[in-house]
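If you want the building blocks of each chain, they are given just below.
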Amino acid sequence: MEVKRRTARSLVQRLNSDSEQIRTQALCELRLLSKHDPDSRVYISEAGAIHLLLHLLDSTSPAAQENAIATLLNLSISDREPLMATPGLLDALAYLLRHPSSPASAQNASATLYSLLIVEDYRPIIGAKPQIVSALVDLLRSHSSPTRSIKDSLKALFGIALYPLNRPRIVDLGAVPTLFSLALKDRSIGIMEDATAVIAQIAGCYESIDAFRKVSGVPVLADLLDPATGSTARVRENSVAALLNLIQSGGEKAMEDVREIGTAAIGGIADVAESGSSRAKSKASALLSILTANNGFSA
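Parameters at a glance
- Residues numbered from 1 in each chain as written.
- Predicted model: local features only at pLDDT ≥ 70, side-chain atom pairs only at ≥ 80, totals over all residues.
- Heavy atoms only, no water.
- Core = buried A, V, L, I, M, F, W, Y, C linked by side-chain atoms within 4.5 Å.
- Buried < 20%, exposed > 50% of the residue type's maximum accessible area, 1.4 Å probe, protein only.
- Helix = DSSP H or I, 4+ residues; strand = E, 2+ residues; numbered from the N terminus.
- Contact = heavy atoms within 4.5 Å.
- Axes fitted to C-alpha atoms, helices over the stretch in contact; angles between N-to-C directions.
- Parallel < 35°, antiparallel > 145°, perpendicular 65-115°, else oblique.
- Left-handed = near helix turned anticlockwise from the far one by under 90°.
- Nonpolar A, V, L, I, M, F, W, Y, C, P; charged D, E, K, R; others polar.
- Polar contact = N/O pair within 3.5 Å; in protein donor to acceptor, adjacent residues only side chain to side chain.

Q: What's the story with the nonpolar core in this structure? I'm lost.
A: Within soluble globular proteins, side chains that are nonpolar generally end up buried alongside one another. Counting residues in hydrophobic clusters, the biggest one holds 98 residues, and the most contacted among them are Leu-57, Leu-113, Ile-126, Leu-154, Val-258, Ile-261 and Ile-269. Tallying contributions element by element places helix H17 (residues 233-258) first for this core, with eleven residues. Those residues in contact with Ile-126, other than ones at most four positions away along the chain, are Met-84, Leu-90, Leu-113, Leu-116, Leu-117, Ile-132 and Ile-160.

In structure tokens form, the structure reads like this:
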């Protein structure tokens, strides 16, 4: 272990070199070390790497930026607390999301956020940064974002939305139209599943009702529940969760919209209640009880 500690310390010290070549070589070695040797991550953090890596996120060198954020991502997998304790971390990630030198940089920045959001206590802290939420939404909107970047941005938004008080902020920053657009127009199964997962989470706030109405969100969710649309099981389960959350957060106002869904959607909900995961079965059964009581449908 002492050898690993000395190696990490030596590489981090070289990041302070006046020679760009030495700095670049050390950065590449840190990236590889943090990727392939999980035990070394704590030593890299202890040697003071995080602060130096953050300063490289606004580097004019694409290679420096990419290697720096990739190293931070690797560190976040098993050593999250030192990252969150470093002043300026979230601001630096927000900057990188806005000014990536390459799609890989943006992707790794989103993935780093998602890794940090695994810790429940960090969700309100990260979600309180509107510049992070808006940057993630803008990445979803961008036609130049590759599929992998979109998926990582969706996962980060999902992690933020797991904290209930973050949901209104996500809605206010315009995420709803973008999410429904992805669920409708992007035929990548993974993106549809991840987009509807975020939709299901943010449906759990009162502010989502009007935003859903503007994009005909309830009819879209009803269509996704129709077996004829070919939606995956996960998309149907997410749609059930979204409708249930919408009703529970919006009361009668939301119920007005959900009452309008057709019998095909009711059949889709019944299918989830019968053959979905245990969690989805519970949600679908609860949704069916509400709808049959209010609409007179027979499930």
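Right, picking up where we left off after that structure.
Q: Looking at this structure, how should I read unusual backbone geometry?
A: Generally, phi is negative for residues other than glycine and the peptide bonds are trans, each holding for most cases. Here Ser-216, not a glycine, exhibits a phi torsion of approximately 55°, which is positive. Given a relative accessible area of 40%, Ser-216 falls into the partly exposed group.

Q: Hey, could you run me through the packing of helix H5 (residues 62-78) against helix H8 (residues 103-117) in this one?
A: For any two helices packed against each other, the geometry comes down to the angle between their axes and how far apart the axes lie. For the pair H5 and H8, the least separation of the axes is 9 Å and the interaxial angle reads 20°. With respect to H8, the element H5 is oriented roughly parallel. By crossing handedness, the relation of H5 to H8 is classed as left-handed. Listed contacts from H8 to Gln-65, Glu-66, Ile-69, Ala-70, Leu-72, Leu-73, Ser-76 and Ile-77 of H5 are Ala-104, Ser-105, Asn-108, Ala-109, Ala-111, Thr-112, Ser-115 and Leu-116. Taken together, the residues of the contact of H5 with H8 sort by class into nine nonpolar, six polar and one charged.

Q: It is not clear to me how the side chain of Ser-239 should be interpreted in this structure. Could you clarify?
A: Along the chain, the position of Ser-239 falls in helix H17. Assessed through its relative accessible area of 0%, Ser-239 is described here as buried. In this structure the side chain of Ser-239 is engaged in a polar contact, spanning 2.9 Å, whose partner is the backbone oxygen of Val-235. Residues contacting Ser-239, with those up to four places away along its chain left out, are Leu-221, Leu-224 and Leu-225.

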